[in-house]
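Chain by chain, the residues run as shown.
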Amino acid sequence: MSSTPPRAPSPSDKPLTGRGKRHRRLKTAGGIVGALVAALIVLVLVWQWDWFVPYIDRKATAALHRPVSIAHLHVHLGFKPTIRVDDLKIGQPEGFGKEKNDFASAHAITVKVDAWRYLTGGGLSVLLIRVDTPKGDIVSLADGTNNYTFPSSSNTSSQTASPSTTLPKLGKIEINDGDIRVAMAKLKTDMHVLIHTVPPKDGDDGHIVIDLEGRYARAPITGHIVGGALLDITDITDTTHPYPIDGRLANGPTYITLRGTVDDPIHFRGTNLALHFAGPDMALLYPLTGVPIPETPAYSVTGNLAYSDHAIRFQKFEGHMGSSDIGGDINVNPHQKPILVDAALHSHQVDLADLGGFIGAQPGAAKKAEPASTRVLPDKAINVPKLNAANVHLTYHGDHIRNKNWPLDNIDTELDIHDGAIDLKHLTFATGTGTISANATLEPTKNAQFHTRFRLDVSRLPLSRIMTSKDMFQGEGTIGGHVTLNSTGNSVATLVENGNGGTTLVLDRGGDVTALLPDLLGLKLGSAILSALGIPDRSKLECLVADLPLKDGIVHTDAMLLQTGTTRTSGTGTVNFHKDTLDYAITTRSIGPQILSLPGAVHIFGPINNPTILPGAELIGRVAASVGLGIVFPPAALIPTIQLGVGKGSACEKAILEANEHPAAGIAPGASTGSGPSSIPHPAHPQTATHPQTSHHRLSPAEIHKAWEKKSNPK
């Protein structure tokens with residue numbers, strides 16, 4: 001067996017000394033550092049921020065619940081780093097796939113921050129926000145669903161903002177060629193909001209411009225608003241540099257301008273803004289303001305716009321509405337649901353026709369043609385604004401009323417609307433020495449009906465002031481009385497025919513009866529009654545008293561008296577507002593000896609607009625002669641009302657006392673008739689009766705007297 005001879009030892013086999021070991025470590029470390037530097041150089045050479053784009057897309061999509069994508073991400077590092085994303089697209093949420101455009105997009109968004117200020121505890125400062133060609137598509141469907149509500153996650157829903165949280169300090173904000181579409185189905189709105197900023201020039205700080213175009217609330221809308229530069233907008237400590245606003249807006253025929261400055265535009269404080277409204281009808285302002293207003297004539301008002309105590313205030317406004325001037329203060333609290341409106345209004349010169357919309361009528365002098373109605377009372381549904389849209393407290397005072405038909409002196413009212421119910425605390429008119437005052441409540445019920453409680457008080461109202469437009473009227477007189485109504489309905493006609501209440505009317509020394517009655521009762525009915533009474537022309541009315549309870553839409557008669565200088569007329573019967581008919585017995589007697597022959601008892605019945613008049617001679621042969629010749633008078637109940645309405649010692653007070661103490665017919669009123677409908681029968685078919693007149697023939701006093709004589713003395 002052979003063997004290999006042993007290798008001779010070499011110098012390298014010698015043990016390493018300490019110096020050798022250090023050299024080897026340095027060589028290894030140098031290699032590692034070199035490799036890292038080389039790798040870093042390679043990384044810098046090939047680095048792309050776009051590597052983070054998929055991660056950003058996933059996180060943004062999950063947070064916004066909409067597909068989000070960006071094309072590129074650019075970052076420039078430093079103490080003031082700049083970040084830019086290109087071609088941002090945010091898609092539509094689920095349910096809005098039919099929309100042609102993305103929910104939001106932008107060609108580029110650039111943000112520059114002051115990192116050094118933040119790291120040194122100075123807070124976050126955003127030096128620049130630039131948005132290039134932003135677009136938006138804001139949509140709300142008819143069922144109320146929209147694409148701009150973002151669902152909150154469980155993590156954020158339980159968190160509340162700290163009261164110490166402050167907004168970052170903002171610097172320059174640039175917006176280039178912004179276009180946001182707003183489509184609201186319920187508001188019948190589809191418009192574009194165009195936004196861009198203008199850079200500083202010639203000492204100007206720059207400004208932002210907003211233009212509106214499209215349709216809002218079915219009407220065309222255009223707008224142009226210019227605001228100050230969006231520089232340090234959150235710095236509310238600098239009140240020496242208020243933010244300017246100059247805008248105009250036209251929505252259909254409504255025109256609005258807003259000019260002035262705001263010290264704190266974020267919180268809308270320190271305002272010095274002039275707001276101007278003009279248009280053909282204030283009701284058209286509802287889509288723009290959210291405040292329901294009844295129909296009005298053309299208007300133009302200007303006032304100061306302010307915000308304090310969580311309320312938007314339109315203060316010290318003045319202008320005109322129709323031929324009336326209008327001014328006052330309106331405060332709106334939009335944070336309450338429904339919103340709260342507190343309005344204190346006044347006019348120096350007011351035409352009542354301009355206020356027609358506030359009582360459901362057509363405002364202004366121009367009247368729209370209405371379909372003909374056979375009803376005696378208006379049967380048009382009461383027109384009220386959107387009562388559930390706001391809670392309202394309104395006071396209004398008009399110093400002087402201009403109205404040729406009702407020459408009233410002034411008007412004063414206070415009104416509350418709460419949860420759709422109307423509470424008219426008072427509506428008061430002054431006329432000479434008298435007043436007209438009303439109060440009412442209207443509570444909504446089913447089928448657009450209102451449960452209504454109404455009261456009207458008339459005190460010492462000069463008749464001559466009311467009758468100034470009547471050329472035939474001459475004389476003086478005073479009216480007093482009360483009207484009450486408790487009912488449910490949606491028009492004057494339905495409220496009366498469903499109602500309970502009553503009327504007490506006192507007219508003291510009313511002047512010419514021939515001119516007065518046709519105006520008080522209506523031309524046809526008043527003229528017919530005058531013919532039936534047989535009162536001579538130009539007789540002077542001394543007193544008219546009517547006490548008429550209303551029960552389920554039927555007016556009964558507790559008392560009725562008409563007295564002239566020579567005659568006294570009493571009556572009893574009913575008026576049925578379900579059928580618009582009346583059934584009355586009227587008797588005229590002489591107060592003292594005279595040559596004049598009077599017709600005696602007369603029966604008036606049938607349609608109110610065209611009643612039948614028959615002499616009551618057949619009454620003599622059927623019942624006692626006293627029936628139908630008197631009337632129930634309760635002097636103890638009526639005299640206090642008379643004294644309050646027309647004054648103590650009036651002719652009416654004396655007439656009631658005389659009618660009971662010295663009855664002209666020889667029978668005390670009420671001794672035999674009692675209350676209720678007339679007991680005088682009338683033919684079922686007046687046209688076939690044996691009377692010489694037809695149902696539509698209005699008898700003259702002479703014809704009534706002749707018929708009376710014929711019936712009283714049959715051959």
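Preceding this paragraph is the structure being described.
The rules behind these values
Residue numbers run consecutively from 1 along every chain, following the written order of its sequence. Thresholds applied to this predicted model are a pLDDT of at least 70 for local features of residues and 80 or more for the giving and counting of side-chain atom pairs; totals over whole chains, interfaces and linings are not thresholded and use all residues. As a rule here, side-chain values come from all non-hydrogen atoms in the structure, and water together with hydrogens is ignored. Residues grouped as a nonpolar core are buried Ala, Val, Leu, Ile, Met, Phe, Trp, Tyr and Cys residues, joined through side-chain atoms within 4.5 Å. Each residue's exposure class comes from its accessible area (1.4 Å probe, protein chains only) as a fraction of the maximum for that residue type: buried when under 20%, exposed when over 50%, partly exposed otherwise. Pairs of residues are marked as contacts when any of their non-hydrogen atoms sit within 4.5 Å. Salt bridges, as used here, are contacts in which a Lys or Arg side-chain nitrogen is within 4 Å of a carboxyl oxygen on Asp or Glu. Helix and strand assignments come from DSSP, with helices taken as H or I runs of at least 4 residues and strands as E runs of at least 2, each series counted from the N terminus. Two strands form a pair only when DSSP identifies at least two bridges running between them. Centre distance within 6.5 Å is the pairing criterion for rings of Phe, Tyr and Trp, where only the six-membered ring of Trp is used; planes under 30 degrees apart are then read as stacked, over 60 as edge-to-face, and the remainder as tilted.

### Some points on the nonpolar core
Line of reasoning, step 1. Ranked by size, the top nonpolar core spans 75 residues in total, and within it Phe 277 and Ile 411 carry the most contacts.
Line of reasoning, step 2. Beyond its immediate sequence surroundings of up to four residues, Phe 277 is in contact with Tyr 255, Ile 256, Leu 285, Thr 289, Tyr 299, Ser 300, Val 301 and Phe 314.
Line of reasoning, step 3. Leu 485, Val 496, Ala 546 and Ile 586 belong to the second-largest nonpolar core, a separate cluster that totals 16 residues.

### A word on the pattern of salt bridges
Where charged atoms of side chains with opposite charge meet at close range, the side chains can pair.
Line of reasoning, step 1. Throughout the structure, instances matching the rule amount to eleven salt bridges.
Line of reasoning, step 2. Of the charged contacts, one joins Arg 181 and Asp 190 as a salt bridge, the two residues approaching to 3.2 Å between their closest N and O atoms.
Line of reasoning, step 3. Between Arg 453 and Glu 443 there is a salt bridge, with its nearest N and O atoms 3.2 Å apart. Remark: Glu 443 occurs in strand β22 (residues 434-444) and Arg 453 occurs in strand β23 (residues 450-462); sequence separation between them is ten residues.

### Some thoughts on the pairing of strand β16 (residues 311-321)
Line of reasoning, step 1. Note: strand β15 (residues 299-308) against β16, nine bridges, orientation antiparallel. Paired with Ala 306 across the strands is Arg 313, a residue of β16.
Line of reasoning, step 2. Alignment of β16 against strand β17 (residues 324-333), held across eight bridges, turns out to be antiparallel. Across the sheet, residue Gly 319 finds its bridge partner in β17, namely Ile 326.

### A look at unusual backbone geometry
Line of reasoning, step 1. Going from Lys 337 to Pro 338, the amide bond is cis rather than trans, its omega being -5 degrees.
Line of reasoning, step 2. With phi around 50 degrees, Lys 316 is a residue other than glycine that occupies positive phi space.
Line of reasoning, step 3. The residue Lys 316 is located in strand β16 in this model.
Line of reasoning, step 4. Residues other than glycine seldom take positive phi values, yet Asp 419 does so here, at roughly 50 degrees.
Line of reasoning, step 5. Structurally, Asp 419 is set in the loop between β20 (410-418) and β21 (421-431).

### Remarks on the packing of aromatic side chains
Line of reasoning, step 1. Within the structure shown, the criterion is met by five aromatic pairs.
Line of reasoning, step 2. A centroid spacing of 5.3 Å and a plane angle of 80 degrees characterise the contact between Phe 79 and Trp 116, whose relative ring orientation is edge-to-face. Note that Phe 79 is positioned in the loop between β2 (72-76) and β3 (82-90) and Trp 116 in helix α3 (residues 115-119), a separation of 37 residues in sequence.
Line of reasoning, step 3. With a relative accessible area of 59%, Phe 79 lands in the exposed category.
Line of reasoning, step 4. In textbook terms, an aromatic cluster arises when at least three aromatic residues are bridged by ring pairs, as seen for Phe 277, Phe 314 and Phe 317.

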